[in-house]
Amino acid sequence: NAGVTQTPKFRVLKTGQSMTLLCAQDMNHEYMYWYRQDPGMGLRLIHYSVGEGTTAKGEVPDGYNVSRLKKQNFLLGLESAAPSQTSVYFCASSYPTGGNSPLHFGNGTRLTVT
Amino acid sequence: AQSVTQLDSQVPVFEEAPVELRCNYSSSVSVYLFWYVQYPNQGLQLLLKYLSGSTLVKGINGFEAEFNKSQTSFHLRKPSVHISDTAEYFCAVRNDYKLSFGAGTTVTVRA
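Read on for a plain summary of the structure.

What counts, and at which threshold
- Residues numbered from 1 in each chain as written.
- Chains lettered and ligands numbered in written order.
- Predicted model: local features only at pLDDT ≥ 70, side-chain atom pairs only at ≥ 80, totals over all residues.
- Heavy atoms only, no water.
- Buried < 20%, exposed > 50% of the residue type's maximum accessible area, 1.4 Å probe, protein only.
- Helix = DSSP H or I, 4+ residues; strand = E, 2+ residues; numbered from the N terminus.
- Pairing = 2+ DSSP bridges.
- Core = buried A, V, L, I, M, F, W, Y, C linked by side-chain atoms within 4.5 Å.
- Contact = heavy atoms within 4.5 Å.
- Salt bridge = Lys/Arg side-chain N within 4 Å of Asp/Glu carboxyl O.
- Nonpolar A, V, L, I, M, F, W, Y, C, P; charged D, E, K, R; others polar.
- Polar contact = N/O pair within 3.5 Å; in protein donor to acceptor, adjacent residues only side chain to side chain.

### Some thoughts on the pairing of strand β2 (residues 10–14) of chain B
Residue and element names in this part refer to chain B.
Move 1: Of the two faces of β2, the one holding V11 and V13 is buried and the one holding Q10, P12 and F14 is not buried anywhere.
Move 2: In this sheet, strand β12 (residues 105–110) lies alongside β2 in parallel orientation, the contact comprising five bridges. By the bridge assignment for β12, F14 is matched with R110.

Here it is, written out as structure tokens:
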């Protein structure tokens with residue numbers, strides 16, 4: 001019973017490098033999300049998806065791209081990493097039951113951009 | 001638009017003492033309210049949720065929260081904390097797909 005799995009767990013990038021974070025869920029959830037967590041700011045929504053093949057921008061989408069080619073996977077890409085993107089990234093998923101369904105979170109990816 | 005304000009960023013508390021974490025929200029539509037807990041180096045886990053009905057909601061690990069519509073609050077309480085309750089706690093409000101979080105409250109339980 002894996003739930004939401006994020007890979008990698010840790011990553012260090014140099015400014016300008018690119019990378020992709022992978023999120024996989026085995027709960028057949030329609031909705032998937034990418035958040036970033038920074039001290040004193042809680043979690044902020046980067047992008048989300050309400051179904052396979054669809055994505056949308058959240059509060060802080062600049063510098064990130066996403067894809068949802070398969071229902072169970074949600075990829076977050078950084079094309080040209082910047083130090084401001086140093087953060088802990090969390091993926092989450094949920095059922096689309098009108099908003100009353102809680103989100104299930106992965107354990108996070110800690111990214112450092114030097 | 002919806003937003004969440006957690007009124008305390010840090011709450012130190014002694015073991016076996018009660019604790020209350022304050023959360024106020026704003027929203028133009030009906031919302032669903034949640035409290036999540038994050039233990040060190042882990043993801044977020046659901047503590048409890050308010051969807052409708054009774055305004056007093058009980059969650060896991062002895063936590064409970066009270067929804068107050070007139071004061072737009074959803075405060076979290078536990079009558080007697082343990083060392084293992086040391087964690088960061090997040091209040092969140094959800095409307096359809098979007099879940100908005102407060103900045104978090106760090107609870108440190110000391111012996």
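### Examining the nonpolar core
Residue and element names in this part refer to chain B.
Move 1: Grouped together as the largest cluster of nonpolar side chains are 28 residues, with contacts concentrated most on W35, L48, F74, L76 and Y89.
Move 2: Looking at which element gives the most residues to this core, the answer is strand β10 (residues 87–95), with four residues.
Move 3: Among all residues touching L76, those that are not within four sequence positions of it are V19, E20, L21, W35, L47, L48, F63, E64, A65 and Y89.

### Points about the interface of chain A and chain B
Move 1: Across the boundary between the two partners, chain A contributes 23 residues, which contact 21 residues of chain B.
Move 2: For the pair chain A and chain B, the interface holds zero salt bridges.
Move 3: Contributing elements (two or more residues each) for the side of chain A that touches chain B: β4 (31–37), β5 (43–51) and β9 (87–94) of chain A.
Move 4: The element contributing the most residues to the side of chain A that touches chain B is β4 of chain A, with four residues.
Move 5: In terms of residue class, the side of chain A that touches chain B is made up of 11 nonpolar, 10 polar and two charged.

### Observations regarding the environment of E79 of chain A
All names here are of chain A.
Move 1: Counting through the fold element by element, E79 comes out in the loop between β8 (73–78) and β9.
Move 2: Spatially, the C-alpha atom of E79 lies 8.5 Å from that of T20, the residues being 59 residues apart in sequence.
Move 3: Once residues lying within four places of it in the same chain are set aside, the contact partners of E79 are G16, Q17, S18, G63 and N65.
Move 4: Of note is the side chain of E79, whose polar atom sits 3.4 Å from the side chain of N65.

Distances and angles like these do not, on their own, reveal function.
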